Amino acid sequence: MPAATPQPLPPVVLCFAAADPTCGAGLQADLLTLAALGCHPLTVVTALTVQDTAGVEDVLPISGGWVADQARALLEDMPVAVFKLGMLGSIDAIVAVAEVLADYPDTPVVFDPVLASGRGDAFADEEIVAAMLALLLPHTDILTPNSLEARRLAQELESARPAPDLAACARLLIDAGCAHVLVTGAHEPGAQVVNTLYGSHGPLRNDAWPRLPGSYHGSGCTLASAIAAQLAWGQDMSAAVAAAQDYTWHALAAGFRPGMGQHVPNRLWRMTSTHQQPASSREESHVRVA
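Okay, so let's go over this structure.

**Topic: the packing of aromatic side chains**
Two aromatic rings, taken as a pair, are described by how far apart their centres are and by the angle between their planes. Applying the stated rule across the entire model yields four aromatic pairs. Arranged with centres 6.0 Å apart and planes meeting at 40°, the rings of Tyr247 and Trp269 form a pair that is tilted. On the criterion of sequence distance, the pair formed by Tyr247 in helix 8 (residues 237-253) and Trp269 in the loop between helix 8 and strand 10 (283-286) is long-range, its members being 22 residues apart. Ring pairs connect the aromatic residues Phe16, Phe83 and Tyr104, which therefore count as one cluster.

**Comments concerning the environment of Ala168**
Structurally, the position occupied by Ala168 is in helix 6 (residues 166-175). Through-space distance from the C-alpha of Ala168 to that of Arg151 is 9.3 Å; in sequence the pair is 17 residues apart.

**Considerations on the packing of helix 4 (residues 126-136) against helix 5 (residues 147-158)**
Interaxial distance between helix 4 and helix 5 falls to 10 Å at its minimum, and their mutual angle equals 85°. Classified by the angle between their axes, helix 4 and helix 5 sit roughly perpendicular to one another. Seen from helix 4, the contacting residues are Glu126, Val129, Ala130 and Leu133; seen from helix 5, they are Arg152, Leu153, Glu156 and Leu157. Residues belonging to the contact of helix 4 with helix 5 are distributed by class as follows: five nonpolar, no polar and three charged.

**Description of helix 5**
In this model, helix 5 (twelve residues) spans 16 Å end to end at C-alpha, consistent with the 16 Å of a helix rising 1.5 Å per residue. Listed in full, the buried residues belonging to helix 5 are Ser147, Glu149, Ala150, Leu153, Ala154 and Gln155. For helix 5, the secondary structure elements touched by its buried residues are helix 4, strand 6 (142-143), helix 6 and strand 7 (180-183). Its side-chain oxygen at 3.0 Å from the backbone nitrogen of Leu148, Asn146 defines the N-terminal cap of helix 5. Following helix 5 by one or two positions, Ser159 adopts a phi angle in the positive range, close to 50°.

**Some remarks on the pairing of strand 3 (residues 56-61)**
As defined by bridge partners, strand 2 (residues 40-51) adjoins strand 3 across five bridges and the pair is classed as antiparallel. By the bridge assignment for strand 3, Gln51 is matched with Val56. Following strand 2, the chain reverses through four residues before pairing antiparallel with strand 3.

**What to know about the side chain of Ser147**
Checked against the element boundaries, Ser147 lands in helix 5. Note on Ser147: relative accessible area 0%, which makes it buried. Side chain to side chain, Ser147 and Glu188 meet in a polar contact 2.7 Å long. Residues in contact with Ser147, not counting those within four places in the same chain, are Leu166, Val183, Thr184, His187 and Glu188.

**A short note on the environment of Val97**
Secondary-structure assignment places Val97 in helix 3 (residues 91-102). Taking the relative accessible area as the measure of exposure, Val97 reaches 0% and is therefore buried. A sequence separation of 29 residues divides Val97 from Ala68, and the C-alpha atoms of the two residues are 6.7 Å apart. Setting aside its immediate chain neighbours within four residues, Val97 contacts Phe16, Val67, Leu85, Leu88 and Leu136.

**A few points about the nonpolar core**
Core analysis: the largest hydrophobic core is formed by 46 residues, its most contacted members being Leu14, Phe16 and Leu136. With seven residues, the top contributor of residues to this core is helix 3. In this structure, Leu34, Leu182, Leu223 and Tyr247 belong to the second largest nonpolar core, which totals 27 residues.

Calculation notes
Residues numbered from 1 in each chain as written. Predicted model: local features only at pLDDT ≥ 70, side-chain atom pairs only at ≥ 80, totals over all residues. Heavy atoms only, no water. Phe/Tyr/Trp six-rings, centres within 6.5 Å; stacked < 30°, edge-to-face > 60°. Helix = DSSP H or I, 4+ residues; strand = E, 2+ residues; numbered from the N terminus. Axes fitted to C-alpha atoms, helices over the stretch in contact; angles between N-to-C directions. Parallel < 35°, antiparallel > 145°, perpendicular 65-115°, else oblique. Contact = heavy atoms within 4.5 Å. Nonpolar A, V, L, I, M, F, W, Y, C, P; charged D, E, K, R; others polar. Expected span 1.5 Å × (residues − 1). Buried < 20%, exposed > 50% of the residue type's maximum accessible area, 1.4 Å probe, protein only. Polar contact = N/O pair within 3.5 Å; in protein donor to acceptor, adjacent residues only side chain to side chain. Pairing = 2+ DSSP bridges. Core = buried A, V, L, I, M, F, W, Y, C linked by side-chain atoms within 4.5 Å.

The following block contains the structure:
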């Protein structure tokens, strides 16, 4: 009997984030998304949380030493294609993550700067935000803030009140060290949600998606993890962002409300027989930068 042809290994993505017992956001959202997109996820727990779909009741940060030890044990064992950062929980953890990233300068980093829960529970004070900006942005290939997060991060950089417009926010964040910024527009008014990818020379692409009813727990985690998956499979940044948005929109459209709070994205929507199609109402534009 001829030997079986070895199957190619799935790309490995290492996620730093807090655990969410609802599996709506955090590490569990990363796991579901990356697995659905054919990647093998690795997890480094940065905090434990007490939460439900309505909000977060308590957070227990994991010490920086434990964060670093988790990551280095994994990195000594397996090759990692992409790093994905979510809620880190403390300055101690941010320092540990930055030190790990510094040792792998050629590995892309996707950073979802989680500053608050969907209900508005704060995860980051001014010192944590300042540490994110100083220590993590220089290692970041793409930052994925929503518009509220983009304004808050820019305010910290500029000490400006009121915050500048979103294009200016992106410019400040890129000047602070990250290569790309994807500002998502779910918190902005309008019948469509417009997401804009910025590079060092300005906007690279705009994508407009039909606004869905309700609010979703873990939409940002899903999008950032989907971008990480696409980069791990070898897509360039613009293509990765486009494919990740399409996946995320469908996950939200197929979402469900398992509890008394927010809806949860259905990251396994491709396994269901029917789902909405946004193609007829989706608009996108691409700006080529020389």
